[in-house]
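Letter by letter, the chains look like this.
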Amino acid sequence: MYGFVDDESRLAIVGDVGRRAVRLGLTDGEGRLRRDTICSYSPGEQSTIAGALAAFGQAHRLPRLPRRCAIAVSGAPVGETIAITNSRWFISRSGLRAMLQAEPLILNDFAANAWALTRPNGAARLRPLEGAAPALDETGTTCLIGIGSGLGVAVIMRDGAGRPHVLPTEAGHCHFMGGCAELAPVLAGLNDGRRPLTAERLLSADGLAALYRWYATQERCAVRGTLPAEIARSAASHGDRAARLAVESFAAALWYFAGNMVLAYGAWNGVVLTGSVTAALHDLLRQPALTQHFMLHGPHRRALATVPRATVELDHGELEGATQALLAH
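Residues numbered from 1 in each chain as written. Predicted model: local features only at pLDDT ≥ 70, side-chain atom pairs only at ≥ 80, totals over all residues. Heavy atoms only, no water.

**Here's the deal with the packing of aromatic side chains**
All chains considered together, the criterion is met by three aromatic pairs. Centroid distance F176 to Y256: 6.2 Å. Interplanar angle 50 degrees. Geometry classified as tilted. Here F176 is found in the loop between β11 (164-168) and α4 (184-190), whereas its partner Y256 is found in helix α8 (residues 241-265), with 80 residues between them in sequence. Each ring, one from W214 and one from Y215, has its centre 5.0 Å from the other, and the planes form 75 degrees; the classification is edge-to-face. Given the relative accessible area of 10%, Y215 is considered buried. (Phe/Tyr/Trp six-rings, centres within 6.5 Å; stacked < 30°, edge-to-face > 60°. Helix = DSSP H or I, 4+ residues; strand = E, 2+ residues; numbered from the N terminus. Buried < 20%, exposed > 50% of the residue type's maximum accessible area, 1.4 Å probe, protein only.)

**Concerning the environment of A328**
Note on placement: A328 falls in helix α12 (residues 317-328). A328 gets classed as partly exposed once you look at its relative accessible area, which sits at 48%. Sequence separation between A328 and H165 is 163 residues, and the spatial gap between their C-alpha atoms is 8.4 Å.

**Remarks on the pairing of strand β3 (residues 33-41)**
Both strand β2 (residues 22-27) and β3 contribute to a ladder of five bridges, which runs antiparallel. When the bridges of β3 are listed, L24 appears paired with C39. If you look at the hairpin formed by β2 and β3, you'll find five residues sitting between the two strands, and G31 has a positive phi there, around 80 degrees. (Pairing = 2+ DSSP bridges.)

**Structural notes on the sheet that holds strand β9 (residues 140-147)**
Taken in spatial order, the six strands line up as β8-β13-β12-β9-β10-β11 in an open sheet, and their pairing is mixed. Of all the strands in the sheet, the pair left with one neighbour each is β8 (125-130) and β11. Ignoring which end each strand starts from, the neighbouring axes of this sheet average 25 degrees apart. Relative to strand β12 (residues 270-274), β9 runs parallel, the two sharing five bridges. Counterpart to L144 in the pairing with β12 is V272. (Axes fitted to C-alpha atoms, helices over the stretch in contact; angles between N-to-C directions.)

**Details of helix α3 (residues 109-116)**
Where burial is concerned, most of α3 is hidden: eight out of the eight residues are buried. Within α3, burial applies to D109, F110, A111, A112, N113, A114, W115 and A116. At the N-terminal boundary of α3, the capping side chain belongs to N108, with an oxygen 2.8 Å from the backbone nitrogen of F110. (Polar contact = N/O pair within 3.5 Å; in protein donor to acceptor, adjacent residues only side chain to side chain.)

**Section: the side chain of N113**
Tracing the backbone through its elements, the reader meets N113 in helix α3. The residues contacting N113, other than those within four sequence positions of it, are L144, L314, G317 and E318. (Contact = heavy atoms within 4.5 Å.)

**Notes on the sheet that holds strand β7 (residues 105-108)**
Strand order in this open sheet of five strands is β3-β2-β1-β4-β7, and the pairing throughout is mixed. For this open sheet the edge positions go to β3 and β7, each flanked by a neighbour on one side alone. Here the average twist between neighbouring strands, direction ignored, is 20 degrees. Contacting β1 (13-17), β4 (69-73) and β7, α3 runs over the sheet at an angle of about 95 degrees to β7.

**Notes on the pattern of salt bridges**
Applying the stated rule across the entire model yields 14 salt bridges. One salt bridge in this structure joins R23 and D16, with 2.9 Å as the shortest N-O distance. The closest approach of N and O atoms between E318 and R23, which form a salt bridge, is 2.9 Å. Taken together, the residues span a long stretch of sequence, with E318 in helix α12 and R23 in strand β2 at a distance of 295 residues. Here E318 falls in the buried class, since its relative accessible area comes to 19%. Here R23 falls in the buried class, since its relative accessible area comes to 17%. (Salt bridge = Lys/Arg side-chain N within 4 Å of Asp/Glu carboxyl O.)

**Some words on the confidence of the model for the protein chain**
On average, residues of the protein chain score 90 in pLDDT, and 97% of them are at 70 or above. When the criterion is pLDDT under 50, residues 1-8 qualifies, and its contacts beyond four places in sequence or with other chains add up to 21 contacts. (pLDDT = per-residue confidence, 0-100.)

**Concerning the nonpolar core**
In terms of nonpolar packing, the biggest core is built from 56 residues, with I145, F176, L203, F257 and F294 touching the most fellow members. Elements represented by at least two residues in this core include exactly β9, β10 (151-158), α4, α5 (199-202), α6 (205-219), α7 (228-237), α8 and β12. Examining the composition of this core, we find that 16 residues originate from one element, α8, more than from any other. Not counting residues up to four positions away in its chain, the partners in contact with F176 are L183, L187, L197, T198, A199, L202, L203, A253, Y256 and F257. (Core = buried A, V, L, I, M, F, W, Y, C linked by side-chain atoms within 4.5 Å.)

Laid out in structure tokens, this is it:
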């Protein structure tokens, strides 16, 4: 049984409201996530966030919910009522405030993943792609890019005193930038003229599948499977030229986008990639013929070549990040 200690305790409830589930967990007296308390609720089980919170409190026999609360949401946490992307769920700030008798901290889910990387001695596992892995505990700026069902971008900054700050962005919804001659025919092929070609339309699981289908049409061959891991396997072991061209174009576009993000945010400390598509293409992302697209032509080309790059695996990144954000605030 977990009891509420007092208003000054670090005991808190943290949550992640995504498209398919709400996950909730408790922190301990030192502000660390207790993974043994994590519960998940589907829309069929709980139709409202308040209902999920109440069920969570009952499951853990809490006399009342902790007043301190941080919730990561899929979408921009702007306004009094926050609609969850591609979901029927929504969050009411005033409703949570009334339920908890305190102001909740609501943050973007990908920003929460960035906060998770700021945890001292955390569980994040960095795998270098080029040179040494980024030093996340050093003063400076790092860019986190996540590629899965969507495209997330967040910026981690450490000031001179070592304090971490996270800048959430909606850079994934920017129009994908032109300027790379090798990608021009592909971008023209994917741009149907009905809606803008955003970075997320290209750099996501759906974007990789669209690339594969486009190349299959050009090569007049069959599509074997459209999941990222299936496309990667087809490219590596089945002699599927369309799949190989698709993953190579995807990786080139990703590095081109990442180079632009470094320049936009001054992320000279490094780039960290995460997400299911990143995991599927990890080995491919190391190929020099593709990483060269990161070094954009211009006055900072040499500086970009020295920027550390790595992938990272995060367990319960949104919940761990919500915990860290709550401690920081």
